[in-house]
Amino acid sequence: EILSYWQYQGLFLVTISIMALSYNPNNPTNPAVVQGKGWLYWSFLSCLSWGIAVIISKILVTEVGYINLMGLYVLLSPLVLLPIWWWQRRRMALVDKKGWVISELSQLLFCLGGIFFLKSMANGAVSLVAPLANLYILVTIFIARIYLAEQITSVQSIAIVLIITGLALLAF
């Protein structure tokens, strides 16, 4: 995949800005502040796993098509998730009806996002599709601000503006 100079600049700007979004100084009035750095380890592993998975998905989507790849995900996901659930089930609390509804809505949206992502991978360059699709974090930030009362720092606000600027550059 060959990108233009401006697309490279846009990717760089989006990448740097996403890293700036994780900046959150110790502010006791901010409920988003996490104690310790244990989250960083798991975030790095998810980044690494998803990064490799996107490349594999791009290869597969060109070989088998996005519908067949979706079918493979449907078949293989339970093989990964069910053993983890079984092992951790003793730690789970009982879920009420509202919890089930919210969980089902979350899973529905997660699956729709996956379908849309695979369709875009079938038609676009992975180096452009992956960064754009992963800007879901902006939606998450705004919803967390409204419903979870999480504060957005000035550095994070600047990062959001730079991400939007980077998106404009990616369109070139």
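Residues numbered from 1 in each chain as written. Predicted model: local features only at pLDDT ≥ 70, side-chain atom pairs only at ≥ 80, totals over all residues. Heavy atoms only, no water.

K.L.:
Quick rundown of the overall build of the protein chain? Include the residues and the values.
P.N.:
Along its length, the protein chain carries 7 helices and 0 strands. Secondary structure elements in the protein chain, listed N-terminal to C-terminal, are α-α-α-α-α-α-α. Counting across all 172 residues of the protein chain, residues that qualify as buried make up 20%. Here the protein chain displays about 12,700 Å² of accessible surface, and carbon together with sulfur accounts for 73% of that area. (Helix = DSSP H or I, 4+ residues; strand = E, 2+ residues; numbered from the N terminus. Buried < 20%, exposed > 50% of the residue type's maximum accessible area, 1.4 Å probe, protein only. Areas by Shrake-Rupley, 256 points an atom, 1.4 Å probe, with all protein chains shown as cover.)

K.L.:
Give me the lowdown on the packing of helix α1 (residues 5–21) against helix α7 (residues 154–170), citing residues and values where you can.
P.N.:
Running from N to C, α1 and α7 cross one another at 160°; their axes reach a closest spacing of 8 Å. Of the possible angle classes, the one that applies to α1 and α7 is roughly antiparallel. Judged by the sense of rotation from one axis to the other, the crossing of α1 with α7 is left-handed. Contacts from Trp6, Gln7, Gln9, Gly10, Leu11, Leu13, Val14, Ser17, Ile18, Ala20 and Leu21 in α1 reach Val155, Gln156, Ala159, Ile160, Leu162, Ile163, Thr165, Gly166, Leu167, Leu169 and Leu170 in α7. Along the lines of polarity and charge, the residues of the contact of α1 with α7 split into 15 nonpolar, 7 polar and no charged. (Axes fitted to C-alpha atoms, helices over the stretch in contact; angles between N-to-C directions. Parallel < 35°, antiparallel > 145°, perpendicular 65-115°, else oblique. Left-handed = near helix turned anticlockwise from the far one by under 90°. Contact = heavy atoms within 4.5 Å. Nonpolar A, V, L, I, M, F, W, Y, C, P; charged D, E, K, R; others polar.)

K.L.:
Which residues make up the nonpolar core, and what values do they have?
P.N.:
Leu3, Leu11, Val14, Leu21, Leu128, Leu135, Leu138, Ala159, Ile160, Ile163 and Leu170 form the largest nonpolar core, which has 11 residues in total. Elements with a minimum of two residues in this core: α1 and α7. Take this core: its biggest share by element is 4 residues, from α7. Apart from the residues within four sequence positions on either side, Leu128 is in contact with Leu3, Gln7 and Leu170. (Core = buried A, V, L, I, M, F, W, Y, C linked by side-chain atoms within 4.5 Å.)

K.L.:
Tell me what's going on with the environment of Ala122, and back it up with residues and numbers.
P.N.:
Within the secondary structure, Ala122 sits in helix α4 (residues 97–123). Residue Ala122 is classed as partly exposed on the basis of its relative accessible area of 34%. Along the backbone, Ala122 and Ile67 are 55 residues apart, and their C-alpha atoms lie at a distance of 9.9 Å. Excluding residues within four positions of it along the chain, Ala122 makes contact with Val61 and Tyr66.

K.L.:
Tell me about the packing of aromatic side chains, and name the residues and values.
P.N.:
Per the stated rule, a full pass over the model turns up 1 aromatic pair. A ring pair is formed by Tyr5 and Trp6, whose centres lie 5.1 Å apart and whose planes are at 80°; its orientation type is edge-to-face. Under the relative-accessibility criterion, Trp6 is labelled partly exposed at 44%. (Phe/Tyr/Trp six-rings, centres within 6.5 Å; stacked < 30°, edge-to-face > 60°.)

K.L.:
Could you give me a rundown of a nonpolar patch on the surface, with the residues and numbers involved?
P.N.:
There is a patch of nonpolar side chains on the surface, built from Val64, Leu72, Leu75, Leu76, Leu79, Val80, Leu81 and Ile84 and spanning about 760 Å² of accessible area. The element that contributes the greatest number of residues to the nonpolar patch is helix α3 (residues 66–88), accounting for 7 residues. Secondary-structure assignment places Leu75 in helix α3. (Patch = residues over 30% accessible without salt bridge, like charges linked within 9 Å, V, L, I, M, F, W, Y side chains within 5 Å. Salt bridge = Lys/Arg side-chain N within 4 Å of Asp/Glu carboxyl O.)

K.L.:
How would you summarise the packing of α4 against helix α5 (residues 126–133) if you had to cite specific residues and measurements?
P.N.:
For the pair α4 and α5, the least separation of the axes is 9 Å and the interaxial angle reads 155°. The pairing of α4 with α5 is recorded here as roughly antiparallel in orientation. When the axes of α4 and α5 are compared, the crossing they make is right-handed. Residues Phe117, Ser120 and Met121 of α4 pack against Val126, Val129, Ala130 and Ala133 of α5. Considered class by class, the residues forming the contact of α4 with α5 number 6 nonpolar, 1 polar and no charged.

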